[in-house]
Amino acid sequence: MPSLDGRIALVTGASRGIGRAIARRLAAEGATVVLSASRPGAHGDLAGTLDDAVEEIRASGGRAAGVTANLADESERADLVARAEAAFGPLDILINNAAMGKWGLPSQSTLADRRRMLEVNLHAPVDLAQQALPGMRERGRGWILNIGSDSSRQPDVPYRDTPEAAHVIVAYGSTKAALNRYTEGLAAEVAPEGVFVNVLAPVSIVLTQEAARFVGHIAKNHPDMAEPVEVMVEAALELVSERHVGRIVYSREILHNVARPVRSLDGKKVLGDAFLPADLEAVIA
Ligand SMILES: NC(=O)c1ccc[n+]([C@@H]2O[C@H](COP(=O)([O-])OP(=O)(O)OC[C@H]3O[C@@H](n4cnc5c(N)ncnc54)[C@H](OP(=O)(O)O)[C@@H]3O)[C@@H](O)[C@H]2O)c1
């Protein structure tokens, strides 16, 4: 039986990138999935829309629906969980994946940019968790996964790329650091009631279109820094199906801890151990 049979999940930022891949895999594991993004259609020149993502899951036999909300706007996100639950029923799983970055040196980051990043990357995940929690607590069962980033901490020196590459992500990384702290505290509060809250970050760069645009050159110069999306997806699956409490973990780290192999996005094929470079190369190829 698929591991998430009968579960209902909401994944934000699921029109493309990591969120879309997670939604696809959850559906392949039997979950009914509500996908969200700010709009149903195209986002500028980036390929992939919310409507496409929902259709892709349905075409492969899964149950899915789409809901839209600009997460930067508190009134638009105020009833997002209610609208998601209206589609299929109470949520078992909430994955706060949507995020945005405005890149600039920390000495020059504008208040407007910092406010927008905080809205999408911190306040929205907290608001959505607060919307989902009453039902999860009442049922004594739930999983909330916040997607983090390695940019939440100052990188070791010497930097793997130019110093500028490390500096321009400081404001964005600060929002992810705040999300880590909030997650740990919330997890400690609600774990006794059967709700498991964690943060998962890629160990390196997942070459989504957005990431390729801004940090693709780093992955090109340092191929060991490119992470197949399947690794993140597998780690997400672990954290929304098992009992982990308040962990701030990296994808390969958690898979190593629990000795879990990485599977393809349709769940049908084992691709290998997340820690074996040879297998990772096969995944990338
Ligand atoms: N890719 C990486 O290497 C990497 C590294 C570290 C951390 N992460 C984290 O992983 C997560 C996913 O990253 P990604 O690279 O897959 O992102 P992405 O390709 O840029 O996709 C972002 C998703 O979030 C949605 N979104 C953005 N702003 C939104 C808003 N204001 N309201 C509603 N939805 C919004 C987008 O939907 P629209 O269609 O509405 O634009 C899209 O579906 C993020 O939390 C990111 O911080 C990624």
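Just above sits the structure.
Notes on the structure follow. (Residues numbered from 1 in each chain as written. Predicted model: local features only at pLDDT ≥ 70, side-chain atom pairs only at ≥ 80, totals over all residues.)

Notes on the overall build of the protein
Turning to step 1, where the next piece is worked out: In terms of helices and strands, the protein carries 11 helices and nine strands.
Turning to step 2, where the next piece is worked out: What you see for the protein is a C-alpha radius of gyration of 18 Å, in line with the 19 Å of a compact globule of 285 residues.
Turning to step 3, where the next piece is worked out: With 285 residues in all, the protein has 44% of them scored as buried.
Turning to step 4, where the next piece is worked out: Residue pairs at least 24 apart in sequence account for 68% of intrachain contacts in the protein once pairs closer than 6 positions are excluded. (Helix = DSSP H or I, 4+ residues; strand = E, 2+ residues; numbered from the N terminus. Rg over C-alpha atoms; globule rule 2.2 N^0.38 Å. Buried ≥ 20, exposed ≤ 12 C-beta atoms within 10 Å, placed from the backbone. Contact = placed C-beta atoms within 7 Å.)

Quick look at the nonpolar core
Turning to step 1, where the next piece is worked out: Among the nonpolar cores identified, the biggest contains 79 residues, and Ala9, Ala23, Val33, Leu35 and Ala236 are the most heavily contacted of them.
Turning to step 2, where the next piece is worked out: No other element matches helix α5 (residues 111-139), which puts nine residues into this core.
Turning to step 3, where the next piece is worked out: Non-local contacts of Ala23, meaning those with residues more than four positions away in its chain, are made with Val11, Ala14, Val33, Leu35, Ala53 and Ile57. (Core = buried A, V, L, I, M, F, W, Y, C linked by C-beta atoms within 7 Å.)

Observations concerning unusual backbone geometry
Note: most residues except glycine have negative phi, and most peptide bonds are trans.
Turning to step 1, where the next piece is worked out: That bond from Val157 to Pro158 is cis: its omega, 0°, falls within 30 degrees of zero.
Turning to step 2, where the next piece is worked out: Following the sequence through the fold, Pro158 ends up in the loop between β5 (142-147) and α6 (163-167).
Turning to step 3, where the next piece is worked out: Here Ala259, not a glycine, exhibits a phi torsion of approximately 50°, which is positive.
Turning to step 4, where the next piece is worked out: By C-beta crowding, Ala259 is classed as exposed, having 9 other C-beta atoms within 10 Å.

Section: the environment of Ala47
Turning to step 1, where the next piece is worked out: Here Ala47 is to be found in the loop between β2 (32-37) and α2 (50-59).
Turning to step 2, where the next piece is worked out: As for Ala47 and Glu29, which are separated by 18 residues in sequence, their C-alpha atoms are 25 Å apart.

Things to note about the site of the ligand
Turning to step 1, where the next piece is worked out: Near the ligand there are 29 residues, and of these Gly13, Gly17, Ser38, Ala99 and Glu210 occur at the shortest range.
Turning to step 2, where the next piece is worked out: Of all the elements in the fold, those that place two or more residues in the shell around the ligand are α1 (17-28) and α8 (209-221).
Turning to step 3, where the next piece is worked out: The residue inventory of the shell around the ligand, partitioned by class, reads 15 nonpolar, 11 polar and three charged. (Near = placed C-beta within 6 Å. Nonpolar A, V, L, I, M, F, W, Y, C, P; charged D, E, K, R; others polar.)

A closer look at the pairing of strand β6 (residues 195-201)
Turning to step 1, where the next piece is worked out: Taken across its seven residues, β6 has seven buried, putting it largely inside the fold.
Turning to step 2, where the next piece is worked out: Residues Val195, Val197, Val199 and Ala201 line one face of β6 and the alternating positions Phe196, Asn198 and Leu200 line the opposite face, and both faces are buried.
Turning to step 3, where the next piece is worked out: As paired strands, β5 and β6 are joined by six bridges and run parallel to one another. Paired with Ile144 across the strands is Val197, a residue of β6.
Turning to step 4, where the next piece is worked out: Inspection of the sheet shows β6 paired to strand β7 (residues 248-250) by three bridges, in the parallel sense. (Pairing = 2+ DSSP bridges.)

Describing the environment of Ala31
Turning to step 1, where the next piece is worked out: Structurally, Ala31 can be placed in the loop between α1 and β2.
Turning to step 2, where the next piece is worked out: Along the sequence, Ala31 and Gly89 sit 58 residues apart, while their C-alpha atoms lie 12 Å from each other.
Turning to step 3, where the next piece is worked out: Those residues in contact with Ala31 that sit more than four places away from it in its chain are Leu4, Arg7, Ile8, Ala9, Leu26 and Ile93.

Observations regarding the packing of α5 against helix α7 (residues 170-190)
Turning to step 1, where the next piece is worked out: Where α5 meets α7, the closest approach of the two axes is 9 Å, and the angle between their N-to-C directions is 15°. Put simply, α5 runs roughly parallel to α7. Considering only the axes of α5 and α7, their crossing is right-handed. Contact residues: α5 offers Asp113, Arg114, Met117, Leu118, Asn121, Leu122, Pro125, Val126, Ala129, Leu133 and Arg137, while α7 offers Ala171, Tyr172, Thr175, Lys176, Ala178, Leu179, Tyr182, Leu186 and Val190.
Turning to step 2, where the next piece is worked out: For the contact of α5 with α7, the residue count by class is 14 nonpolar, two polar and four charged. (Axes fitted to C-alpha atoms, helices over the stretch in contact; angles between N-to-C directions. Parallel < 35°, antiparallel > 145°, perpendicular 65-115°, else oblique. Left-handed = near helix turned anticlockwise from the far one by under 90°.)

Topic: the sheet that holds β2
Paired through backbone hydrogen bonds, the strands of a sheet run either parallel or antiparallel to each other.
Turning to step 1, where the next piece is worked out: With parallel pairing, seven strands are arranged side by side in an open sheet as β3-β2-β1-β4-β5-β6-β7. Strands with a single pairing partner mark the edges of an open sheet, and in this sheet they are β3 (63-68) and β7. Recorded for the sheet is a direction-independent mean angle of 20° between the axes of neighbouring strands.
Turning to step 2, where the next piece is worked out: Taken together, the five bridges between strand β1 (residues 8-12) and β2 define a ladder with parallel strand orientation. In the strand pairing of β2, Ala9 is matched with Val33.
Turning to step 3, where the next piece is worked out: In this fold α2 packs onto β2 and β3, with an angle of close to 170° to the strand it touches most, β3.
Turning to step 4, where the next piece is worked out: Here α7 sits on the sheet and contacts β5, β6 and β7; the angle it forms with β6, its principal contact strand, is near 160°.

A few points about the pairing of strand β4 (residues 93-96)
Turning to step 1, where the next piece is worked out: Going residue by residue along β4, you find Ile93 and Ile95 tucked away on one face and Leu94 and Asn96 tucked away on the opposite face as well.
Turning to step 2, where the next piece is worked out: Sheet analysis places β1 next to β4, joined by three bridges and oriented parallel. If you follow Val11 over to β4, its bridge partner there is Ile95.
Turning to step 3, where the next piece is worked out: In terms of strand pairing, β4 meets β5 through four bridges, oriented parallel. By the bridge assignment for β5, Ile93 is matched with Trp143.

Spatial relationships are all this shows, so hold off on functional conclusions.
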